[in-house]
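Residues per chain are reported as follows:
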Amino acid sequence: MWRWTQILVAGGALGSFYALVALGFSLIFGVTHAFNLAYGEFILLSGYLAYFLWKSWGLPFYGTIPVCLVVMPGAALLLHLFLRRVRSPFEINSLVATFGLALVLQNLMLALFSADYRLIQPEAFPFLHLPATGLTITDKQFGLLTFSLAATLLVHLLLRHTFLGKALRATIQEREAAELAGINVNRMGWLAFAFGGLLIGLAGPMYGQTMYIYPAGGVEATLIAITITIFAGVGRTRSLLLGGWLVGLAEAAAAMWLGGSWKELVSALLLITLLVVRPSGLAGRDGNHKP
Amino acid sequence: MLEQAPPVCLELHRVSMSFGGQPVLKDINLVVREGEIVGLIGPNGAGKTMLFNLIAGVYHASQGSIRYRGQETTRWPPHRLCHAGLARTFQVPRPFPEMTALENVLLGLMFGKIDGPAADAAKEQAGELLALVGLDHKTDTPAGKLTLSEQRRLEVARALATRPHLLLLDEIAAGLSPQAVGQVARLVKKLHRQGINLMIIDHFLNLTLKVCHRLVALDEGEIIMAGEPGQVIRHPEVVAAYLGTRE
Amino acid sequence: MGTISRKPYRKQNNFFCRFLASETWPLAAVVGGLLLAWPLCFPKADLYYQVLGMACFYGVLAMAWNILALAGGISLGHSAFFGLGAYGSGLLAHYQGWSPAVTIPLGAMVGAGYGVLWGIFFQRLRGVYFGLATLAAVEIPRVIIDNWGSFTYGSLGLVGIPGLPDLRLGAVEISLGASLRALYYFLLALMCLAGALHFWVMHSRWGWGLRAIRENEAAAAMLGVNVRRSFFLALLLSSFLAGLCGGLYAHLLGLIEPALVFSLHLSALPLVLSIFGGRFHFLGPLLGALLLYPLDQLVLQPYLPMGHAAIYGVVIIATIFFWPRGLTTCLSKRRRSV
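Remember, it's a predicted structure, so these values are computed and weren't measured experimentally.

Colleague: Run through the overall build of chain A, naming residues and quoting values.
Modeller: Of regular secondary structure, chain A possesses 11 helices and 2 strands. Starting at the N terminus, the α and β elements of chain A follow one another as α-α-α-α-β-β-α-α-α-α-α-α-α. In terms of overall dimensions, chain A is globule-like: its C-alpha atoms have a radius of gyration of 19 Å, near the 19 Å expected for 291 residues. Each of the three principal axes of chain A carries a C-alpha extent, and together these read 60 × 40 × 35 Å. Across the 291 residues that make up chain A, the buried fraction comes to 54%. Considering only contacts within chain A whose residues lie at least 6 apart along the sequence, 76% involve residues at least 24 apart. A total accessible area of about 12400 Å² is found for chain A, and carbon and sulfur atoms account for 67% of it. Between the averaged position of the 18 positive side-chain charges in chain A and that of its 12 negative side-chain charges there is a distance of 7 Å.

Colleague: I'd like to hear about the pattern of salt bridges, residue by residue, with values.
Modeller: Counted by the stated rule, this structure contains 14 salt bridges over all chains. Overlapping salt bridges bring together Glu264 of chain A together with Glu139, Arg142 and Asp146 of chain C as one network.

Colleague: Account for the packing of helix α9 (residues 180-203) of chain C against helix α10 (residues 205-215) of chain C, naming residues and giving values.
Modeller: Residue and element names in this part refer to chain C. Two elements in contact, α9 and α10, have axes separated by 4 Å at closest approach and are oriented at 65°. Comparing their axes, α10 and α9 come out roughly perpendicular. Each of Trp200, Val201, Met202 and His203 in α9 lies in contact with α10, whose residues at this interface are Arg205, Trp206, Gly207 and Trp208.

Colleague: Describe helix α4 (residues 123-132) of chain B, listing the residues and the values that go with them.
Modeller: Residue and element names in this part refer to chain B. If you check which residues of α4 are buried, you get Gln125, Ala126, Leu129, Leu130 and Leu132. What you see down the axis of α4 is that its buried residues fit within an arc of 155°, all on one side. Looking at the buried positions of α4, the neighbouring elements they touch are α3 (101-112), α5 (148-161) and α6 (178-193). Phi turns positive one or two residues past the end of α4, at Gly134, with a value near 75°.

Colleague: Summarise the state of the cysteines; cite the residues concerned and give the values.
Modeller: Structurally, a disulfide amounts to a covalent bond that connects the sulfur atoms of two cysteines. Applying the stated criterion to the full structure yields 0 disulfides over all chains. There is no disulfide at Cys9 of chain B, and the cysteine sulfur nearest it, in Cys82 of chain B, is 14 Å away.

Colleague: Before we move on, can you summarise the nonpolar core with the specific residues and values?
Modeller: Core analysis: the biggest nonpolar cluster contains 282 residues, and Phe17 of chain A, Met199 of chain B together with Tyr58, Leu271 and Tyr312 of chain C have the highest contact counts within it. Here Met199 of chain B is in contact with Leu10, Leu30, Val32, Val38, Leu40, Phe52, Ile55, Leu166, Leu167, Leu168 and Leu169 of chain B, once residues within four sequence places are set aside.

Colleague: Please set out a nonpolar patch on the surface residue by residue, giving values where relevant.
Modeller: Residues and elements named next belong to chain C. On the surface, a cluster of nonpolar side chains totalling about 610 Å² of accessible area is made up of Tyr95, Ile144, Trp148, Phe151, Tyr153 and Leu156. Positionally, Leu156 belongs in the loop between α8 (149-152) and β1 (167-169). Taking relative accessible area as the criterion, Leu156 reaches 74% and is therefore assigned exposed.

Colleague: Give a description of unusual backbone geometry that names residues and reports values.
Modeller: Residues and elements named next belong to chain B. We note that Asp27 has phi near 55°; this positive angle belongs to a residue other than glycine. Here Asp27 lies in strand β2 (residues 22-33). In this structure, Arg163 is a non-glycine residue whose phi angle is positive, near 50°. Along the chain, Arg163 turns up in the loop between α5 and β7 (166-170).

Colleague: Tell me about the interface of chain C and chain A, and name the residues and values.
Modeller: It is common to give the size of an interface as the accessible area that goes away when the parts come together. Listed as interface residues are 40 residues of chain C and, on the opposing side, 44 residues of chain A. Where chain C abuts chain A, roughly 3800 Å² becomes buried across the two surfaces, and 80% of that area is made up of carbon and sulfur atoms. Run the count over chain C and chain A and you get 1 salt bridge. Among the ionic pairs, Arg142 of chain C bridges to Glu264 of chain A, the shortest N-O distance being 2.7 Å. Taken together, the connections running from chain C to chain A amount to 4 residue pairs in polar contact (both at pLDDT 80 or more). Taken together, the elements giving at least two residues each to the side of chain C that touches chain A come down to α6 (127-137), α7 (139-147), α14 (264-277) and α16 (310-322) of chain C. Residue composition of the side of chain C that touches chain A, by class: 30 nonpolar, 7 polar and 3 charged.

Colleague: Lay out the side chain of Arg142 of chain C with the relevant residues and their values.
Modeller: As for its position among the elements, Arg142 of chain C is in helix α7. Judged by relative accessible area, which is 16%, Arg142 of chain C ranks as buried.

Cut-offs used in this document
Per chain, residues are indexed from 1 in the order of the written sequence. Ligands are numbered from 1 and chains lettered from A, in the order in which they are written. Only residues with pLDDT of at least 70 are given local features in this predicted model, and only at 80 or more are side-chain atom pairs given and counted; all residues enter the totals for whole chains, interfaces and linings. Water and hydrogen atoms play no part in the side-chain values, which are based on all heavy atoms of the structure. Put simply, DSSP H or I for four residues or longer makes a helix, DSSP E for two residues or longer makes a strand, and each gets a number counted from the N terminus. C-alpha atoms define the radius of gyration, and 2.2 Å times the number of residues to the power 0.38 defines the globule rule. Relative accessibility decides the category of a residue: with a 1.4 Å probe and only protein chains considered, values under 20% of the type maximum give buried, values over 50% give exposed, and everything between is partly exposed. Any two residues whose heavy atoms approach within 4.5 Å at even a single point are treated as in contact. Note that accessible areas follow from Shrake-Rupley with a 1.4 Å probe, and for residues the cover is restricted to the protein chains shown. For the charge count, each Lys or Arg is scored as positive and each Asp or Glu as negative, with His and the chain ends excluded. Charged groups are reduced to one reference atom each: NZ for lysine, CZ for arginine, CG for aspartic acid, CD for glutamic acid. Here, a salt bridge means any Lys or Arg side-chain nitrogen found within 4 Å of an Asp or Glu carboxyl oxygen. In this analysis an axis means a line fitted to C-alpha atoms, helices contributing only their contacting stretch, and an angle means the value between N-to-C directions, from 0 to 180 degrees. Oblique is the label for every angle not falling under 35 degrees (roughly parallel), over 145 degrees (roughly antiparallel), or within 65 to 115 degrees (roughly perpendicular). The arc under discussion is defined with respect to the helix axis, by the directions toward the C-beta atoms. Defined by distance alone, a disulfide is two cysteine sulfur atoms within 2.5 Å. In this text, buried Ala, Val, Leu, Ile, Met, Phe, Trp, Tyr and Cys residues form a nonpolar core when linked through side-chain atoms within 4.5 Å. Nonpolar side chains (Val, Leu, Ile, Met, Phe, Trp, Tyr) within 5 Å and like charges within 9 Å form the patches, drawn only from residues with over 30% relative accessible area and no salt bridge. Note on terms: buried area is the combined drop in 1.4 Å-probe accessible area of two parts once they are placed together, counting the loss on both. Residues adjacent in sequence count toward polar contacts only when both atoms are side-chain atoms; beyond that, a polar contact is any pair of N or O atoms within 3.5 Å, and within protein one must be able to donate a hydrogen and the other to accept it. All residues other than Ala, Val, Leu, Ile, Met, Phe, Trp, Tyr, Cys, Pro, Asp, Glu, Lys and Arg, Gly among them, are scored as polar; the first ten of these are nonpolar and the last four charged.

Purely spatial values, then, with no claim about function.
Written out as structure tokens, the structure reads:
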């Protein structure tokens, strides 16, 4: 019984974080149609940045977040500059180009940081402990939950209730019509990458204190982001959150019953299942991919 | 008058199709006999292209049956129908863009019949087919670089390369000048004389009236009128469908 | 049809004649001659034997990938076949003690078996979605082998896999295990065989059908190409060859571990080599491998022992940006797709 609750807590915290991870990917993909396979590597970069700020400069963990929030949007904008030059067919070419970029970044991280597994603040403290039940919420889980949900809520409010958000959503839903309606689609692309960069900046340190960072770990994060984005559809915050929780719970359950190393299978299996069951996936609304 | 009707080439019996719960074609009955040119007319969204897709095996009918040359072909895949002698063009041309015009036609020759020739052996024939549609000067141009009307003609050559018995032409004359329509009409008649049966989708009626023996008018997925071209286009229901005032 | 001649078709040339008729056979002959002859001038160059031999090896892997790409299937997960081939062969040699000559083809069949699964589950996926599915599909065998420690030795890896046996051709004995030069010639011969197969695939009737599927699937089906079967066979051959490479790799190296053989690097390598060399030409993947791999190993590796593989990422990005059709486009006078 309490084991279930423990899964629920672990999965909920992890899932909210996954929603945060997917949010950035989905925003960038929705507005620019760029399949960014180097997305996970960007989160890792942000994680490494936080790690070294914490380890070498002695910054407290929460002090690393503002730095990442400043640096990563810059990196994301550079990425946009890079992807804007990809020729058509854009989707498959951006996929292959970012696949190459992922390879470059992986090897760069390998050269700079070596293949070691690293974790920010390895020791976790119980934030809430109910002795009668054995249920424990660590401070890490609490931080993860709070920051992820707060960021998701902010993005949700931005998309739903500001003029800028409406313009972004219009671009996601109907690019050409948005352009005709006087929205500067080009500027929306830059904005999407900037917001995506902010989300990556927040996700990096969170990643670094929740799971080990190592150069080859980015694929996992990319797969999770893509899985949840396909599940939820583009730019739909509430569905993204739901998708994040489902993936998080599935992983927590797999880790609990089968062992931690099996959880890597969950996102891959979910992604394949989603692709096979809904082959139109992300493009469903365009109507280009009728069955 | 009492002479026996020619044998049936294609028969649709109570064919219905729906997409995501939305009916696109309702209870279509249609017969194409040997030696016929049948025109398919109707306003946009009437289901003309969907009907072609069902006949050609791109989609399979939700209900009803399609018989082609005496065989039940309702659930056949496109390549099998092609081998049985059915070819089509697409409303929006679908050339193989990176291949040359000649290679496009070669593919039709190679794969149109099960025992098709190898690439080298069929080049001469492919050239002749290109000449037939007036593209012999574009033999080595990549198909993606051709103009829209050239791509349409290429599609006809490619479809002919499969040596069809029934040819479905989808909006082949849309947007052409009167002279060009005249050329297409001559080509269609020529093919007909060679023993090919044709079905032609023609939204603007500029080709069908010149060549078709019979017209079938579709609206909202139903056949509203079929018969002599002159009668069909004057029929009040058909006129109303085109004007969008049909109840 | 009256206007079209009904002459009997000209007798088909065989593939050797067709190869001689192609524009690029002189280049193929020069490259082949150089690869064959240079060891005569430099008999003691073990490093070069090893690097060029492995370049030939990766050339085979790149051609395996390219057979699927010919049909438009851009796979980001060929290391799945490679790894299954390696583990299939390695485990059979470990538990059964069979000779590599038997276990490598069997390992390749394990890879091809996974290819069958792709064929069943991914048959409706194309383009980007196929790419994503293949990327995820690598994780399944990797995690299973990683966790099935009692059988596969898990993340510790499988060690002590026997090396390649000696070949006996009449009176001549070739020791593939001991002589790097013999191994080099063996891998070169393998590459030539695979190159011939690749040429055949590209110029056969089947290969024409695969190209048609890549360019427009609906039109291909309408012209009589059996899309499902053609694509499935391409996947099968591609996965079998990739599995064969994996099996060979296990015996060349003597040890394998999941993170090594199911890596992003091994998925990316054939893609990079093919696209860089030019995936529309039968020599493209080969030239890509023969140029890039030695560049990586001989020039970069000494300076950057960790992370030298970044070169492949840089190269693929540059290729996509500046000459998306690859190096071999400049070989053909005419712009064409074979």
